[in-house]
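Secondary and tertiary structure notes
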Amino acid sequence: MNSIKKITALSILAVTLVSTPSFALDPPKTEDEKTFYAVGLIVAKQLGVFNLSAAELERVKQGLSDGATGAKPLVEVADYNSKVQEMAKARRKAQGDKLALAGKEFLEKAAKEKGAVKTESGMVYLSLKEGAGESPKATDTVKVHYVGTLPDGREFDSSYKRNKPIDFKLDAVIKCWTEGVQKMKPGGKAKLVCPSSLAYGENGAGEMILPGATLVFEVELLEFVKK
């Protein structure tokens, strides 16, 4: 996944148009109205990386107004494409730095849960259900169901929702999984609390996993195939 999705001028205009109208709107009723509302929610996720202040949002609205009415632009958009990307990257990192501090506290709290084990790498492992048989090795291919959340409980991925477990070679994923799943046995389930150094580090992944983010996975090991 790319750590930052390209933020286009069109995206900024669209989300401002839909989510911050200058007049009060009734809740959407028709399917078209609901669809346009959904467009605003989708694009708002991209714009969220900027963490706009009220004053900054007003500038975005000013650009929207000038663009929509055909007024002469106060800046050349082409001159600012790269600056928009630079700002997005900087603000994403700033949000990630805050998350990293919160993540350390979360890891410490998780390590104090009954039955939890904090490994030398910094991962916190908690068995939720013991399996039976042998444990897989890093070179084996495993089949798992899982759900991934942020420390605040927001879910960013789930094989359960897709109703389809995934198969992968255990040494081809993030280090936290490579280490944690080797502690499991088929039929078992465990919670892995992963510091960013064992997950996506300073790059992050996608829109929700910011740089420095601590991640939480509940993993169910269904089976594995020895190499």
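Note that the coordinates shown come from a computational prediction; the quantities given were computed from them, not determined experimentally.

Glancing now at the overall build of the protein chain. When you go through the protein chain residue by residue, the secondary structure sums to six helices and seven strands. In the protein chain, the order of α-helices and β-strands from amino to carboxyl end is α-α-α-α-β-β-β-β-α-β-α-β-β. Evaluated residue by residue, the protein chain yields a buried proportion of 32% over its 227 residues. Considering only residue pairs separated by 6 or more positions, the protein chain has 72% of its internal contacts joining residues 24 or more positions apart. Carbon and sulfur atoms make up 56% of the accessible area of the protein chain, which totals about 14,200 Å².

Two faces belong to every sheet, and in a regular strand the side chains alternate between them. Here strand 1 (residues 117–118) pairs with strand 2 (residues 124–129) via two bridges, running antiparallel. The residue of strand 2 that forms the bridge with Val117 is Tyr125. Relative to strand 6 (residues 189–194), strand 2 is paired through five bridges, and the arrangement is antiparallel. From the neighbouring strand, Leu126 faces strand 6, where its bridge partner is Lys191.

Each aromatic ring pair is summarised here by two numbers: the centre-to-centre distance and the angle between the ring planes. Enumeration according to the criterion identifies four aromatic pairs in this entry. Considering the side-chain rings of Phe156 and Phe217, the 5.7 Å spacing of their centres and the 90° angle between planes classify their relative orientation as edge-to-face. On the criterion of sequence distance, the pair formed by Phe156 in strand 4 (residues 155–158) and Phe217 in strand 7 (residues 215–225) is long-range, its members being 61 residues apart. Residue classification places Phe156 among the partly exposed residues on the basis of a relative accessible area of 22%.

Let us look at a nonpolar patch on the surface. Together, Leu74, Val75 and Tyr80 make up an exposed nonpolar region whose accessible area comes to about 310 Å². When you line up the elements, Leu74 lands in the loop between helix 3 (54–69) and helix 4 (77–111). Overall, the relative accessible area of 66% leaves Leu74 in the exposed class.

Every α-helical turn comprises 3.6 residues, leaving residues that sit three or four positions apart pointing alike. Helix length check: helix 3 (16 residues) gives 22 Å between terminal C-alpha atoms against 22 Å at 1.5 Å per residue, within 8%. When we look at burial in helix 3, the residues that qualify are Val60, Leu64 and Asp66. Directly beyond the C-terminal end of helix 3, a positive phi value near 80° is found at Gly70.

Once that is clear, we can look at the pattern of salt bridges. Inspection of the entire model under this criterion finds eight salt bridges. Among the salt bridges present, the one from Glu56 reaches Arg91, with a minimum N-O distance of 2.6 Å. With Glu56 in helix 3 and Arg91 in helix 4, this pair connects stretches of sequence that are 35 residues apart. With its nearest N and O atoms 3.9 Å apart, the salt bridge here joins Glu223 to Lys143.

Conventions we followed
- Residues numbered from 1 in each chain as written.
- Predicted model: local features only at pLDDT ≥ 70, side-chain atom pairs only at ≥ 80, totals over all residues.
- Heavy atoms only, no water.
- Helix = DSSP H or I, 4+ residues; strand = E, 2+ residues; numbered from the N terminus.
- Buried < 20%, exposed > 50% of the residue type's maximum accessible area, 1.4 Å probe, protein only.
- Contact = heavy atoms within 4.5 Å.
- Areas by Shrake-Rupley, 256 points an atom, 1.4 Å probe, with all protein chains shown as cover.
- Pairing = 2+ DSSP bridges.
- Phe/Tyr/Trp six-rings, centres within 6.5 Å; stacked < 30°, edge-to-face > 60°.
- Patch = residues over 30% accessible without salt bridge, like charges linked within 9 Å, V, L, I, M, F, W, Y side chains within 5 Å.
- Salt bridge = Lys/Arg side-chain N within 4 Å of Asp/Glu carboxyl O.
- Expected span 1.5 Å × (residues − 1).

Bear in mind that shape data such as this cannot, by itself, settle questions of function.
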